[in-house]
Amino acid sequence: MPSCLGLDTLRAIYHAFPPDTQLLGSETAQVRAFFWSSAALSYLLTFVRQRGRRNYSIVDRIWPLYPLVYLAQWQLQADETMQQSLVVQTLVYLWGMRLCYNSVRRGDYRVGAEDYRWQYVRSWFSRVFGHGLVDAVVWESFNLGFIAVFQLALLYMIVVPVRLVVVGGNGLPWDVQQVLLAMAMALALAGEALADQQQFAYQRQKRRQPDRVGFVHRGLWKFSRHPNVFCEGLFWVLVSAFCMRAARVDAGAYENVWFWAGALALLLLLSSSVRLTESISMSKYPVYKAYAVKTSRIVPMSPRDNRDVVDIAHSFSFVRQH
């Protein structure tokens, strides 16, 4: 009896995601099987030791290409390809290929390569829960639930609005809003590419000739401490808005909130990632605090004047002393 209940629970979880929607109906069995098999494989691969230790960047490596698999699957279901579908699919494919290229040149696909932030996350779990059985159980639950399942679910969620125009597209003509949204998507994609290029060029130059700063702070990084993050989040919000507009879907209707959920969840994840990254940068680079005062965190803005930075620094010092 308990084993039957366990199987029933697993079966219910399996069929719960990807969920059915009023507009698009049930997802295909192939997509559902692909999602859960890739989540299970991603988790199991973290037990394969690379250079003598476990690696938790399995999902990071497939991140640029994973949504493209869904696009290909949905396109196979489409009876015809409307212009809006062609435009948004092209931009998403460019997003994936460019991100993959950036990961390759940074060495993210080398054996043993891992996002340095996972070490800090793992050490935080050890500090909070100790190094015993509780820590192991909690960490593996996090590894399975968040690193594997949630992140891959998020990748499905950010791209599922495209299904509106690929499978459910009704061939409606373009309007001004769609044109503006398409142009904005292209600009966000170009902005992210430029920001990543500026960061890559700085890191390469730093290896040849280290400077006193230690982090990129020119170009787009003069106006935002994370311009690539801003453009990434903006791109997927625009994708959702464009697809719903092209399919004439009521973006404010409660039953359509699913098509916003992915982009909004991504924004929350990016915000948390930025906070972790900045806490590490604060500890590594002495002048990062001044950079943080001078430059906007995510949304690009004009940098503060140096005199304002000094005044703010003095006010912080006064508050700590009192």
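Structure's up top.
Per chain, residues are indexed from 1 in the order of the written sequence. Only residues with pLDDT of at least 70 are given local features in this predicted model, and only at 80 or more are side-chain atom pairs given and counted; all residues enter the totals for whole chains, interfaces and linings. Processing note: side-chain calculations cover all non-hydrogen atoms of the structure and skip hydrogens and water entirely.

**Some thoughts on the overall build of the protein**
Think of it this way: any DSSP run of H or I at least four residues long counts as a helix, any run of E at least two long counts as a strand, and we number them from the N terminus. When you go through the protein residue by residue, the secondary structure sums to 13 helices and zero strands. Computation of the radius of gyration draws on C-alpha atoms, with the globule rule given as 2.2 Å multiplied by the number of residues to the power 0.38. Relative to the globule expectation of 20 Å for 322 residues, the C-alpha radius of gyration of the protein, 22 Å, shows essentially globular dimensions. Here the protein, with 322 residues, has 43% of them falling under the buried criterion. Only heavy atoms enter the contact rule, under which two residues are in contact if any of them lie within 4.5 Å. At a minimum sequence separation of 6, the contacts of the protein that also span at least 24 residues come to 76%. For the exposure calls, accessible area comes from a 1.4 Å probe over protein chains only, and a residue counts as buried if that area is under 20% of its type's maximum, exposed if over 50%, partly exposed in between.

**Details of the nonpolar core**
Side chains of nonpolar character tend, in soluble globular proteins, to be buried together. As used in this record, nonpolar core signifies buried Ala, Val, Leu, Ile, Met, Phe, Trp, Tyr and Cys residues forming a set joined through side-chain atoms within 4.5 Å. Of all hydrophobic cores here, the largest spans 56 residues; its most connected members are V162 and F235. Mapped by element, the contributors of at least two residues to this core are α2 (29–45), α4 (66–77), α5 (83–106), α7 (133–159), α8 (162–166), α9 (176–208), α10 (227–246) and α11 (258–284). It is α10 that provides the largest number of residues to this core, a total of 10 residues. Y202, F215, Y288 and Y291 belong to the second largest nonpolar core, which has eight residues in total.

**Some thoughts on the packing of helix α6 (residues 117–129) against α7**
Axis lines are fitted through C-alpha atoms, for helices just across the contact stretch, and the angle between N-to-C directions can take any value from 0 to 180 degrees. Viewed as axis vectors pointing N to C, α6 and α7 meet at an angle of 145 degrees, and their least axial separation amounts to 9 Å. Between α6 and α7 lies a crossing of right-handed hand. In this structure, α6 contributes W118, V121, R122, F125, S126 and F129 to the contact, and α7 contributes V134, D135, V138, W139, F142, F146, I147 and Q151. Only Asp, Glu, Lys and Arg are considered charged, only Ala, Val, Leu, Ile, Met, Phe, Trp, Tyr, Cys and Pro nonpolar, and every remaining residue, Gly among them, polar. Here the residues of the contact of α6 with α7 are counted per class, giving 10 nonpolar, two polar and two charged. By convention the crossing between two helices is left-handed if the near helix lies anticlockwise of the far one by an angle smaller than a right angle, and right-handed if it lies clockwise.

**Thoughts on α9**
A helix's residues, less one, multiplied by 1.5 Å, set its expected span. Across its 33 residues, α9 extends 48 Å between first and last C-alpha, which sits within 8% of the 48 Å expected from 1.5 Å per residue. For α9, every residue scored as buried is listed here: Q178, L181, A182, M185, A188, L189, G191, E192, A195, D196, F200 and Y202. On the buried face of α9, the contacting elements are α5 and α10.

**Remarks on unusual backbone geometry**
The phi angle of most residues is negative, glycine excepted, and most peptide bonds adopt the trans form. The phi dihedral of R51 falls on the positive side, at around 55 degrees, and the residue is not glycine. You can see R51 is positioned in the loop between α2 and α3 (58–62). A relative accessible area of 71% means that R51 is categorised as exposed. For R248, which is not glycine, the phi torsion reads 55 degrees and is therefore positive. Following the sequence through the fold, R248 ends up in the loop between α10 and α11. Look at R248 and you get partly exposed, because its relative accessible area is 36%.

**So, the side chain of Q50**
The residue Q50 is located in the loop between α2 and α3 in this model. N or O atoms within 3.5 Å of each other form a polar contact, as long as, within protein, one can give a hydrogen and the other can take it, and as long as residues adjacent in sequence are counted only when both atoms are side-chain atoms. Polar side-chain contacts of Q50 include one of 3.1 Å to the side chain of R61. Contact partners of Q50, with chain neighbours within four places excluded, come to N55, I58, R61, R110, V111, G112 and A113.

**Side note on the pattern of salt bridges**
By definition, a salt bridge exists where a carboxyl oxygen of Asp or Glu is found within 4 Å of a side-chain nitrogen of Lys or Arg. What the rule picks out here adds up to 10 salt bridges. With a closest N to O distance of 2.7 Å, E278 and R225 form a salt bridge. A residue pair is termed long-range when its members are at least 10 positions apart, and E278 in helix α11 and R225 in the loop between α9 and α10 qualify at 53 residues. Like R225, E278 is buried.

**Some remarks on the packing of aromatic side chains**
To pair, rings of Phe, Tyr and Trp, with the six-membered ring standing in for Trp, must have centres within 6.5 Å; the planes then decide the type, stacked if under 30 degrees apart, edge-to-face if over 60, and tilted in the middle. For the structure on display, the rule yields 27 aromatic pairs. Ring centres of F17 and W258 lie 6.2 Å apart, and the angle between their planes is 70 degrees; on these two criteria the pair is classed as edge-to-face. Of this pair, F17 sits in the loop between α1 (2–16) and α2 while W258 sits in helix α11, placing them 241 residues apart in sequence. Using a relative accessible area of 14% as the deciding quantity, one classes F17 as buried. Taking the centre distance of 5.4 Å and the plane angle of 65 degrees together, the rings of Y288 and Y291 count as edge-to-face. Taken together, the residues Y288 and Y291, both in helix α12 (residues 288–294) and three residues apart, mark about one turn of the helix. Each member of the pair, Y288 together with Y291, is buried. Members of the aromatic cluster, connected to one another through ring pairs, are F17, F34, F35, W36, Y66, Y70, W74, Y156 and W258.

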